[in-house]
Amino acid sequence: MTLITDIRLRRILDSRGNPTVEADVVTESGGFGRAAAPSGASTGEYEAVERPPTEAIAAAREHAVPRLVGEAYAGNQREVDSILRAADGTDDFSEIGANSAVAISMAAAKAGADVLGAPLFQHLGGTFRGENFPTPLGNVVGGGEHAADATDIQEFLAAPVGAPSVEDAVFANAAVHAEVADLLEERGHPSGKGDEGAWAPSIDDSEAFEIVDEAVSTVQDDVGFNIGFGLDVAAAEMYDADSETYEYESAGVSRDTEEQIEYIAELVDEYDLVYVEDPLDEDDYDAFAELTDEVGDQTLICGDDLFVTNTDRLVDGIDRGAANSILIKPNQIGTLSDAFDAIELATQNGYDSVISHRSGETEDTTIAHLAVATDAPFIKTGAVGGERTAKLNELIRIADDAT
Ligand SMILES: O=C(O)[C@@H](CO)OP(=O)(O)O
Ligand SMILES: [Mg+2]
């Protein structure tokens, strides 16, 4: 029933107005799945390769589609994904593009779920999933590669860890986002938004800390449950390999690696940060390990550019004690099976998984299902904006259907 009988690939728009790859997968019994690849701006050096969509589509039509149509079963995700790997023939999907690969992989999963008549999270995670929901990390202020002339730290994230339901958590993040706008206005910094819908004011990081701290406390008092906050430092983007320093341009500050470790540890203490992503350069496992040793019992130290959803890099991190959490982005590695393997390895080793969007997104909701399917404790998919609320609203629907 799930034999794949047709795959269509096309270019569609992403949230930045750039082209991306969308895939439709059809099965023998009429099952249908559609999915689109997201796209990063602060991409890790070791990510699978995204090719220009026109090239990725042409290469996938030539190498992958003929090996899948009439040959593979959408209900057998491992088979689909291993055919994608074999058809590509490289380690990093540089032939068919990780964008074509991930779109086909996710569309096949949806087609498999459609044939079964089960929600995607259940097809992927089994019948006992759907009871636990991830805490959404909501991007409320940001800069870095996601907005010009804004904060050096890429993302300030609301983290409603005490929310009684995913719905309450989603609305709490939106409330923090709105409160931040009021505070920016009061302080004379009315602001536009960056790529992920976070406010992108022209202020330095220290002022952003004050504002987010205040906004989180105000909303916490309103809603009556605990809201913390966290960061995606995206430190690889500010690391200068020649001078071996982290350059905070808006503050005019430069920190060497030891100073960066101390700075982050102080921030964790001062603001009770619950989450810190990529606080150090993507090549510096030792510095990650040092920081994790120092504050890893107080907060999550998450590797995004460090691990790039890659089990080989995660094994290195586990061996060295670098980080205690991993960001999971299916397009960083190219298939859902690879993303699942990374989550499983993380869980077995006590690392928390954080399922994540990219800064360039579409209406695709696969990551909401992936988070529920894998019992992930966190999902990072913005706070507002249609391509972000697509995933957040899908989480609310999954929770609503489950009760
Ligand atoms: O760094 C990140 O975690 C992501 C998503 O927030 O950004 P990008 O997709 O630009 O890599
Ligand atoms: Mg990141």
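- Taking an unreviewed UniProt entry as the reference, the protein is identified by name as Enolase belonging to Halopiger aswanensis.
- Listed in UniProt under the heading Sequence similarities (unreviewed entry), the comment for the protein reads: "Belongs to the enolase family."
- The record in UniProt for the protein states the following under Catalytic activity (unreviewed entry): "(2R)-2-phosphoglycerate = phosphoenolpyruvate + H2O".

1. Looking at the overall build of the protein
No. 1: Across its full length, the protein carries 14 helices and 14 strands.
No. 2: Against the compact-globule benchmark of 22 Å for 403 residues, the protein has a radius of gyration of 20 Å, which places it among compact chains.
No. 3: Counting only C-alpha atoms, the protein reaches 60 × 50 × 40 Å along its principal axes.
No. 4: Classification of the 403 residues of the protein by burial places 59% in the buried group.
No. 5: In the protein, once contacts between residues fewer than 6 apart in sequence are set aside, the share between residues at least 24 apart is 68%.
No. 6: Carbon and sulfur atoms form 43% of the exposed surface of the protein, whose accessible area is close to 15,200 Å².
No. 7: Of the charged side chains in the protein, 23 are positive and 82 negative, and the gap between their average positions amounts to 11 Å.

2. Description of the coordination of the magnesium ion (ligand 2)
No. 1: Within the protein, the magnesium ion (ligand 2) binds to Asp232 (OD), Glu277 (OE) and Asp304 (OD); these donor distances fall in the range 2.0 to 2.2 Å.
No. 2: Counting gaps between the donor residues of the magnesium ion (ligand 2) yields the pattern D-x44-E-x26-D. Of this pair, aspartate 232 sits in strand E6 (residues 228–232) while aspartate 304 sits in the loop between strand E11 (300–303) and helix H10 (311–320); the two residues are 72 residues apart in sequence, bridging distant segments of the chain. For the pair formed by aspartate 232 and aspartate 304, the shared burial category is buried.

3. A word on the UniProt feature "domain: Enolase N-terminal" (unreviewed entry) in the protein
No. 1: Residues annotated by UniProt as "domain: Enolase N-terminal" (unreviewed entry) correspond here to residues 4–124.
No. 2: Annotation note: span residues 4–124, helix share 42%, strand share 20%, distance between end C-alpha atoms 18 Å.

4. Quick word on the environment of arginine 10
No. 1: Its location among the elements puts arginine 10 in strand E1 (residues 4–13).
No. 2: Spatially, the C-alpha atom of arginine 10 lies 35 Å from that of serine 325, the residues being 315 residues apart in sequence.
No. 3: Residue contacts for arginine 10: discarding those within four places in its chain leaves Thr20, Val21, Glu22, Asp24, Arg34 and Ile57.
No. 4: Within the local environment of arginine 10, its side chain forms a polar contact with the side chain of glutamate 22, the two groups lying 2.8 Å apart.

5. So, the sheet that holds strand E14 (residues 378–380)
Hydrogen bonds between backbone atoms are what pair the strands of a sheet, whose relative direction is either parallel or antiparallel.
No. 1: Pairing is mixed around the closed barrel formed by 8 strands, whose spatial order is E4-E5-E6-E10-E11-E12-E13-E14. Going across the sheet, the axis of each strand differs from the next one's by a mean of 30 degrees, ignoring polarity.
No. 2: Looking at chain direction, strand E4 (residues 135–142) and strand E5 (residues 155–159) are connected through 4 bridges and run antiparallel. If you follow valine 141 over to E5, its bridge partner there is phenylalanine 156.
No. 3: Contacts between helix H7 (residues 205–223) and the sheet are confined to E4, E5 and E6, with E6 contributing the most and set at about 150 degrees to the helix.
No. 4: Helix H13 (residues 366–373) contacts strand E12 (325–328), strand E13 (352–356) and E14 of the sheet and is inclined by roughly 165 degrees relative to E13.

About the thresholds
- Residues numbered from 1 in each chain as written.
- Chains lettered and ligands numbered in written order.
- Predicted model: local features only at pLDDT ≥ 70, side-chain atom pairs only at ≥ 80, totals over all residues.
- Heavy atoms only, no water.
- UniProt positions renumbered as here; feature names shortened; annotations may be inferred.
- Helix = DSSP H or I, 4+ residues; strand = E, 2+ residues; numbered from the N terminus.
- Rg over C-alpha atoms; globule rule 2.2 N^0.38 Å.
- Buried < 20%, exposed > 50% of the residue type's maximum accessible area, 1.4 Å probe, protein only.
- Contact = heavy atoms within 4.5 Å.
- Areas by Shrake-Rupley, 256 points an atom, 1.4 Å probe, with all protein chains shown as cover.
- Lys, Arg positive; Asp, Glu negative; His and termini not counted.
- Charge placed at Lys NZ, Arg CZ, Asp CG, Glu CD.
- Donors = N, O, S within 2.8 Å, 3.2 Å for Na, K, Ca; no water.
- Polar contact = N/O pair within 3.5 Å; in protein donor to acceptor, adjacent residues only side chain to side chain.
- Pairing = 2+ DSSP bridges.
- Axes fitted to C-alpha atoms, helices over the stretch in contact; angles between N-to-C directions.

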